[in-house]
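Listed below are the residues making up each chain.
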Amino acid sequence: MGSITVGFQIANAARRVHLPASDDKDDFVRPLAETLKTHHLDVWYDEFTLAVGDSLRETIDRGLANSQFGIVVLSPHFFQRRWPQRELNGLVAREIAVDRQLVLPIWHRTDRAEILKYSPPLADVCAISSAHGIDGVVTELLKKLRPEESPLNVARDFLIGKGVSPPIVTDEWWLDLVEVKEAQLRFPDLNLGRRSIFPLPFPEADRGRERGLNIAWAALQMDWASDGEERNVCQLTHPERVHEFLQKWPGLFERSRANPGVLAMYAPQVTIPGFDDGLVDVFDKLMDSTRDDAYQSPGYGGHPETTDGPNCGELIAWRHPTFGNYTDKELAYSFVEAHDNHYSRNLFNSFECLAWLLSNDANWMPQRLRDTLLEGMRNRTYGWSTDIMRSTNAISDALLHRTRSKFKLTRSVRSSIIELFGAALQKLCVQEDPIRIAECFIARGFVDGFYDEQDRIRLVRKG
């Protein structure tokens with residue numbers, strides 16, 4: 001869109017030859033002109049436009065001819081001066097010639113009855129009262145002066161600037177998009193299970209431009225969220241693939257940097273030093289223990305377990321030299337279940353994440369972190385043991401009905417473990433021998449870990 005030139009027709013013609021200012025000029029017109037300029041409008045106003053030696057008549061005529069609108073401040077002074085009325089006549093002549101509204105009247109210290117005495121047609125035009133104050137007048141003027149501030153027009157232009165070609169604003173695609181924005185992005189619902197979505201830039205948008213930018217970001221997010229869900233981008237994804245995804249979609253890396261806590265929720269691996277290309281500064285700031293956006297919502301156990309108080313939020317713990325002082329059990333829990341009120345890390349269940357940790361697909365993960373997560377899952381077995389007990393099988397039956405001393409790795413128990421890991425690896429799209437994974441599970445003492453946790457639970461219940 002081209003710049004909008006606004007011509008001011010104000011009450012006191014004497015000011016145009018730099019005589020002392022009138023009340024209209026000082027208390028309303030000049031502040032109004034200055035405020036409009038802050039909205040990036042090309043305002044023609046003699047104090048801004050005339051230079052020494054300029055022809056007053058020629059400059060005014062040029063302003064009238066080139067202005068797309070004329071803001072006419074109607075006041076008692078206006079009706080006493082010849083020059084403002086001459087300029088109004090010029091605007092009305094142009095308005096008739098181009099057959100569209102050019103005159104935008106403001107009533108300043110006057111009313112419809114007074115204007116009716118001067119000009120019935122002018123009194124019939126909807127006007128803005130200066131009684132609303134400068135901000136109120138400017139808000140109303142901008143609705144006419146900048147129709148491109150219509151939310152859909154703003155959204156369209158923003159998307160075009162991002163290299164996206166949206167349909168025309170009358171297409172129903174926009175209505176569908178607004179519905180998605182309101183239903184899924186403005187107040188994200190964990191139950192919808194949407195992933196790779198981020199907060200909209202203006203959560204309390206009540207102005208055209210802000211609403212339009214939210215709509216545009218909703219359009220971008222729907223594309224990258226669908227792609228991320230199809231690719232299963234999550235905490236298990238190789239960091240290089242995560243970065244490829246972040247760079248693939250227009251605006252995604254930008255929103256990731258603006259919301260590092262949400263990114264760390266989805267993909268904690270890119271918080272690890274060495275895997276944090278382009279994100280070092282925002283993740284270093286997120287390490288501040290006072291940052292609310294670095295913490296997940298508390299689990300069912302209440303406050304997270306630490307060895308000596310948390311040094312940072314759980315979402316950024318993988319970046320900390322001691323993993324933020326969180327216990328291995330707490331790190332294992334958040335590895336799978338981290339969430340806040342709107343966004344969640346959970347894509348695969350605990351048993352599937354355990355299968356992944358035991359597979360060669362996890363070889364990109366620093367060994368100390370990987371061992372810590374495995375030990376945490378051995379010490380906190382509730383998640384994965386609950387997952388395998390959702391179906392009837394030999395291992396779940398053995399764990400439920402046999403004590404530690406009576407548990408035996410029979411052929412059927414071993415076969416059910418292999419079968420369960422085979423199903424998990426298939427869902428993970430990991431090409432690996434489930435027999436090897438099952439043997440690792442057994443060798444690392446996860447069955448003993450289950451019974452250890454049951455013993456701890458019984459001790460707590462005894463009191």
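Provided above is the structure to which this section pertains.
Trainee: Can you help me understand helix α16 (residues 350-358) in this one?
Mentor: It helps to recall that an α-helix has 3.6 residues per turn; residues three or four apart then point in one direction. Most of α16 is tucked away: 9 of the 9 residues are buried. Packed against the buried residues of α16 are α15 (328-337), α17 (367-379), α18 (382-388), α20 (411-428), α21 (434-443) and α22 (446-462). N-cap assignment for α16: the residue whose side-chain oxygen lies 3.1 Å from the backbone N of F351 is N349.

Trainee: What is the right way to look at the pattern of salt bridges in this model?
Mentor: Oppositely charged side chains are able to pair whenever their charged atoms sit close together. This model, assessed by the stated rule, comprises 24 salt bridges. Note that R231 and D227 form a salt bridge whose closest N and O atoms lie 2.8 Å from each other. Residue R231 and its partner D227 are located together in helix α10 (residues 208-231), separated by 4 residues, close to a single helical turn. A relative accessible area of 12% places D227 in the buried class.

Trainee: Mind showing me how you'd approach the packing of helix α19 (residues 394-401) against α20 here?
Mentor: A pair of packed helices is captured by two measures, namely the crossing angle of their axes and the spacing between those axes. At a closest axis distance of 7 Å, the pairing of α19 and α20 adopts a crossing angle of 120°. Between α19 and α20, the interaxial angle falls into the category oblique. Contacts from A394, I395 and A398 of α19 reach α20 at S412, V413, S416, I417 and L420. In terms of residue class, the contact of α19 with α20 is built from 6 nonpolar, 2 polar and no charged.

Trainee: How should I be thinking about the packing of aromatic side chains in this particular structure?
Mentor: Each aromatic ring pair is described using two quantities: the centre-to-centre distance and the angle formed by the ring planes. Inspection of every chain in the model, using the stated rule, returns 17 aromatic pairs. Taking the centre distance of 5.4 Å and the plane angle of 85° together, the rings of W384 and F441 count as edge-to-face. Linking W384 in helix α18 with F441 in helix α21, this pair joins segments that are 57 residues apart in sequence. The exposure class assigned to W384 is buried, which follows from its relative accessible area of 1%. Counting every residue linked through ring pairs, the aromatic cluster contains F158, F198, W217, W224, Y266 and Y343. In this structure, R255 packs its charged tip against the face of W217, placed 5.3 Å from the ring centre.

Trainee: Looking at this structure, how should I read the environment of E210?
Mentor: The topology assignment puts E210 in helix α10. Spatially, the C-alpha atoms of E210 and P151 are 7.6 Å apart, while their sequence positions differ by 59 residues. Residue contacts for E210: discarding those within four places in its chain leaves F202 and A205.

Trainee: Quick question: what am I supposed to make of the pairing of strand β4 (residues 103-107) here?
Mentor: Within a regular strand, the side chains alternate between the two sheet faces. For β4, the tally of buried residues reaches 5 of 5 residues, placing the bulk of the element in the interior. Here β4 shows a buried face lined by V103, P105 and W107 and a second buried face lined by L104 and I106. Pairing geometry for strand β3 (residues 69-74) and β4, over 5 bridges, is parallel. Pairing of L74 across the sheet is with W107, part of β4. Bridge count between β4 and strand β5 (residues 128-129): 2 bridges; the pairing is parallel. Residue pairing across strands places I106 opposite I128, the latter belonging to β5.

Parameters and conventions
Here the residue numbers are simple positions, counted from 1 along each chain's written sequence. Local features in a predicted model are, by the rule used here, given only for residues with pLDDT of at least 70; side-chain atom pairs are given and counted only at 80 or more, and totals for whole chains, interfaces and linings are based on all residues. To obtain the side-chain values, all non-hydrogen atoms of the structure were included, while hydrogens and water were left out. Exposure categories follow from relative accessible area, calculated using a 1.4 Å probe and restricted to protein chains: below 20% of the type maximum is buried, above 50% is exposed, and the middle band is partly exposed. Think of it this way: any DSSP run of H or I at least four residues long counts as a helix, any run of E at least two long counts as a strand, and we number them from the N terminus. Residue contacts follow a heavy-atom distance rule, with two residues in contact if any of their heavy atoms lie within 4.5 Å. Two N or O atoms form a polar contact when they lie within 3.5 Å of each other; inside protein one atom must be a possible hydrogen donor and the other a possible acceptor, and for residues adjacent in sequence the pair counts only when both atoms belong to side chains. In what follows, salt bridge is the name for a side-chain nitrogen of Lys or Arg lying within 4 Å of a carboxyl oxygen of Asp or Glu. Between the N-to-C directions of two axes lies an angle of 0 to 180 degrees, each axis being a line fitted to C-alpha atoms and, for a helix, fitted only over the stretch in contact. When an angle is under 35 degrees it counts as roughly parallel; over 145 it counts as roughly antiparallel; between 65 and 115 it counts as roughly perpendicular; any other value is oblique. Throughout, the ten residues Ala, Val, Leu, Ile, Met, Phe, Trp, Tyr, Cys and Pro are labelled nonpolar, Asp, Glu, Lys and Arg are labelled charged, and all others, Gly among them, are labelled polar. Each aromatic pair joins two rings of Phe, Tyr and Trp (for Trp, the six-membered one) with centres within 6.5 Å, and gets the label stacked for planes under 30 degrees apart, edge-to-face for over 60, and tilted for any other angle. Counting as a charge over the ring demands two things of the Lys NZ or Arg CZ atom: a distance within 6 Å of the ring centre and an angle within 35 degrees of the ring normal. Only when DSSP finds a minimum of two bridges between them are two strands counted as paired.

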